[in-house]
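# Working through the structure, step by step
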Amino acid sequence: MKKLINSVDSVVTDALRGMATAHPHELDVDLDQHIVYRRRRKEAGKVAIISGGGSGHEPLHGGFVGTGMLDAACAGEIFTSPVPDQVVAATTAVDRGAGVLHIVKNYTGDVMNFEMAAEIVDADSGIQVASVVTNDDVAVEDSLYTAGRRGVGVTVMVEKIAGAAAEEGRPLEEVEAIAARVNAAGRSMGMALTSCTVPANGKPSFDLPDDEMEIGIGIHGEPGRHRERVAPAAEIAERLVTPVLAELTELKSTDAGADEGVIAMVNGMGATPLLELYLMYGEISRLLQSAGITVARNLVGNYITSLDMAGCSLTLVRADAELLRLWDAPVSTPGLRWGV
């Protein structure tokens, strides 16, 4: 195993220390509790938003802390949920008197620990807490880590759009509703050319021959729903677009506004160069255009990764005018920035 680390025991702390050093004017990092906070706190009376999960998915979640997105992110160990104490500390610290929204990916540990934290916060401080669980992965209904669909790429969209709604000063129930709406309108699918290597054991998370690819992988290095021969990018794009679009076309907008197309994200899993991601986006865009789907906004790059896995995922969110306006609102975080 070759990794740019000091030791497997300190990798998360060392990474967070580096993050704090790289963004001293934007972030405050609690190295003891592994919590990333935005340095400039929200105004009193605005809803705060926190998220979190295992490390190894960077820039998710700490890289999305800042104006227009998250108020705090709790970092667990590699591919391991943060513990309730972390979530309690973050929730208590960021509350500005209007309540706190938890954005939680649908993995058993994450859901359980965020639920426990919300109960503790309610009992100890009375802070109003709402929660939205993301579950956009079309690859599997149940997996090694979940009951139901996994929460993957749409988490980025939920954090961005709900973050914009919170910045506007909307009440907690409205911010929660918008977050739930984005999750319900989004679907994702991922694939891998290689597995990833977790520092703690130094071994590939699954064996994958050089001439094969895994379709329907998760973000914790877990294998997909089937394996097949490596194919040209155009065929891989079709493997991702077809199941995502099959479900997306069945969705109806939950808002009275007109359907404005989709927000599309082609996301790298950690070890795929931008050259290949842009190539994949071109193929995916072509397929969507052929299907009569308008791409209203897009992201191409690494946003929710799986350590050093080579591969990509596709996320599509059906959007209306309101969601696009919130998407376009200014955001200033280490991992996402525009309009500022």
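Preceding this paragraph is the structure being described.
Reference entry: report on the structure contained in this document. Quick caveat: nothing in here was measured; it's all calculated off a predicted structure.

A word on the sheet that holds strand S2 (residues 35-38). One open sheet holds the six strands; their spatial order is S1-S2-S4-S3-S5-S6, and the pairing between them is mixed. Edge strands, defined here as strands with exactly one partner in the open sheet, are strand S1 (27-30) and strand S6 (129-134). Across the sheet, the axes of successive neighbouring strands diverge by a mean angle of 20°, strand direction being ignored. Relative to S6, strand S5 (residues 100-105) runs parallel, the two sharing six bridges. Paired with Ile103 across the two strands is Val132, which belongs to S6. Relative to S2, helix H2 (residues 84-94) is tilted by about 15°, and along the sheet it contacts S2, strand S3 (48-55), strand S4 (72-78), S5 and S6. Across the sheet, helix H5 (residues 172-184) touches S3, S5 and S6, and the angle it forms with S6 is around 5°.

What follows concerns the sheet that holds strand S8 (residues 212-215). Spatial strand order, S9-S8-S7-S12-S10-S11: six strands in an open sheet with mixed pairing. A single partner strand is all that each edge strand has here, and the edge strands are strand S9 (226-229) and strand S11 (295-301). Shown here is a sheet whose adjacent strand axes are inclined to one another by a mean of 20°, direction ignored. Relative to strand S12 (residues 311-320), strand S10 (residues 259-268) runs antiparallel, the two being bridged by eight bridges. Looking at the pairing, Asn267 lines up with Ser313 of S12.

On to the nonpolar core. Nonpolar side chains in soluble globular proteins generally cluster together in the buried interior. Residues Leu101, Val156, Met157 and Val182 are the most contacted members of the largest nonpolar core, which totals 63 residues. No other element matches the nine residues that helix H4 (residues 154-167) contributes to this core. If you look at the next biggest cluster of nonpolar residues, it comprises 30 residues, including Ala139, Met213, Ile293 and Leu316.

Next up on the list: the packing of aromatic side chains. For the structure on display, the rule yields one aromatic pair. Ring geometry for Trp327 versus Trp338: centroids 5.4 Å apart, planes at 50°, classification tilted. Of this pair, Trp327 sits in helix H8 (residues 321-328) while Trp338 is found in strand S14 (residues 337-338), placing the two residues eleven residues apart along the sequence. The exposure class assigned to Trp327 is buried, which follows from its relative accessible area of 2%.

Turning our eyes to something else, we now look at the pattern of salt bridges. Between side chains of opposite charge, pairing is possible as soon as their charged atoms come close. Taken as a whole and assessed by the stated rule, the structure comprises 23 salt bridges. Residue Asp28 is joined to Arg39 by a salt bridge in which the shortest nitrogen-to-oxygen separation is 2.7 Å. Here the residue Asp28 occupies a position in strand S1, and Arg39 occupies one in the loop between S2 and S3, the gap between them amounting to eleven residues. A residue is classified by how much of its surface remains accessible, and Arg39, at 41% relative accessible area, is partly exposed. Residues Arg150 and Glu222 are paired through a salt bridge, measuring 3.3 Å at the closest nitrogen-oxygen approach. Of this pair, Arg150 sits in the loop between S6 and H4 while Glu222 sits in the loop between S8 and S9; the two residues are 72 residues apart in sequence, bridging distant segments of the chain. What makes Arg150 buried here is its relative accessible area of 1%.

The next thing to look at is the packing of helix H6 (residues 233-248) against helix H7 (residues 274-290). Contact geometry of H6 with H7 gives a least axis separation of 9 Å together with a crossing angle of 50°. Judged by the inter-axis angle, H6 sits oblique to H7. Between H6 and H7 lies a crossing whose hand is right-handed. Residue-level contacts link Ala233, Ala234, Ile236, Ala237, Glu238, Leu240, Val241 and Leu245 of H6 to Leu279, Met280, Glu283, Ile284, Arg286, Leu287 and Leu288 of H7. Class assignment of the residues belonging to the contact of H6 with H7 gives a composition of twelve nonpolar, no polar and three charged.

Conventions used here
Residues numbered from 1 in each chain as written. Predicted model: local features only at pLDDT ≥ 70, side-chain atom pairs only at ≥ 80, totals over all residues. Heavy atoms only, no water. Pairing = 2+ DSSP bridges. Helix = DSSP H or I, 4+ residues; strand = E, 2+ residues; numbered from the N terminus. Axes fitted to C-alpha atoms, helices over the stretch in contact; angles between N-to-C directions. Contact = heavy atoms within 4.5 Å. Core = buried A, V, L, I, M, F, W, Y, C linked by side-chain atoms within 4.5 Å. Buried < 20%, exposed > 50% of the residue type's maximum accessible area, 1.4 Å probe, protein only. Phe/Tyr/Trp six-rings, centres within 6.5 Å; stacked < 30°, edge-to-face > 60°. Salt bridge = Lys/Arg side-chain N within 4 Å of Asp/Glu carboxyl O. Parallel < 35°, antiparallel > 145°, perpendicular 65-115°, else oblique. Left-handed = near helix turned anticlockwise from the far one by under 90°. Nonpolar A, V, L, I, M, F, W, Y, C, P; charged D, E, K, R; others polar.

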